[in-house]
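# Chain and residue survey
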Amino acid sequence: MTPGRAGWIAGAAAAVLVAAGAITYAVAGDDGGDGTPSAGSADAGFARDMAVHHQQAVEMSYLVRDRTEDEEVRRLAYDIAQTQANQRGMMIGWLDLWGLPKVSSDPPMTWMGMGDAPSAGEGSLMPGMATDAELEKLAGLRGRQAEVYYLRLMTEHHEGGVHMAKGCAARCAVGVEKRLARGMVESQESEIRLMADLLAERGAKPEA
């Protein structure tokens, strides 16, 4: 890894975590919203769904860290895991603060009008999420094969996450949550570009 790229990855992750920490201390009903969101609001739906979406990214990232010795991929995976675990905790905290349930009887993505969208397969509950079969395949790979497969899965995962975050930026009412969503768009789009570079270095493309 070049010193410049290593610094970029570490710096970007640190900036996201610092911003996330600051947002954690904001009162998520008193910052540009109209009081406490309802259980069926975009604010609650995004927090619930993105918490699940983020949890899978954390899982995938720790899977690949145990299956490659490549420091660049391991660093990226660690940064993604730490950032998304932090953000997930914030969103669950907001649901607690609002007194809202962390699960809903409505299908995932209902808050974006996509509750009836077909699933890509078992385990893929929202846009970009990997299926159970894909996670099982990743767990069985090692070295370069694991790196390439992870980078492809995470690129698709980020693309789905960006789609959801843009939905919150447009629909959510709570100001602090809208800002978090916009930050997700910016950071994940940057990571998508980085992952395209990492795939190209391995003679691969984002799509199989």
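Okay, so let's go over this structure. Predicted, not measured: the structure shown is a model, and the values here were computed from it.

On to the pattern of salt bridges, then. In the structure shown here, the tally under the stated rule is six salt bridges. Note that R202 and D70 form a salt bridge whose closest N and O atoms lie 3.1 Å from each other. Pair noted here: R202 is in the segment after α6 (175–201) and D70 is in the loop between α2 (42–65) and α3 (71–98), with a separation of 132 residues, a long-range link. Owing to a relative accessible area of 12%, R202 belongs among the buried residues under this scheme. On the accessibility criterion, D70 (24% relative accessible area) is partly exposed. With a shortest N-O distance of 3.6 Å, E189 and K166 are connected by a salt bridge.

Let us now look at the nonpolar core. Within the largest apolar cluster, 52 residues are counted, with the highest numbers of intra-cluster contacts made by F46, M60, M91, W111 and Y150. Every element with two or more residues in this core is listed here: α2, α3, α4 (132–139), α5 (143–171) and α6. By residue number, the principal contributor to this core is α5, which donates 11 residues.

With that out of the way, let us pick up the state of the cysteines. Formally, a disulfide is one covalent bond, and it connects the sulfur atom of one cysteine to the sulfur atom of another. Evaluated as defined, the whole model comprises one disulfide. Between the sulfur of C168 and that of C172 lies a disulfide, 2.2 Å long from S to S. The sign of the S-S torsion, about -120°, decides the handedness of the disulfide formed by C168 and C172: left-handed. Like C168, the residue C172 is buried in the burial classification.

Analysis parameters
Residues numbered from 1 in each chain as written. Predicted model: local features only at pLDDT ≥ 70, side-chain atom pairs only at ≥ 80, totals over all residues. Heavy atoms only, no water. Salt bridge = Lys/Arg side-chain N within 4 Å of Asp/Glu carboxyl O. Helix = DSSP H or I, 4+ residues; strand = E, 2+ residues; numbered from the N terminus. Buried < 20%, exposed > 50% of the residue type's maximum accessible area, 1.4 Å probe, protein only. Core = buried A, V, L, I, M, F, W, Y, C linked by side-chain atoms within 4.5 Å. Disulfide = S-S within 2.5 Å.

Without other data, these values stay purely geometric and don't point to any function.
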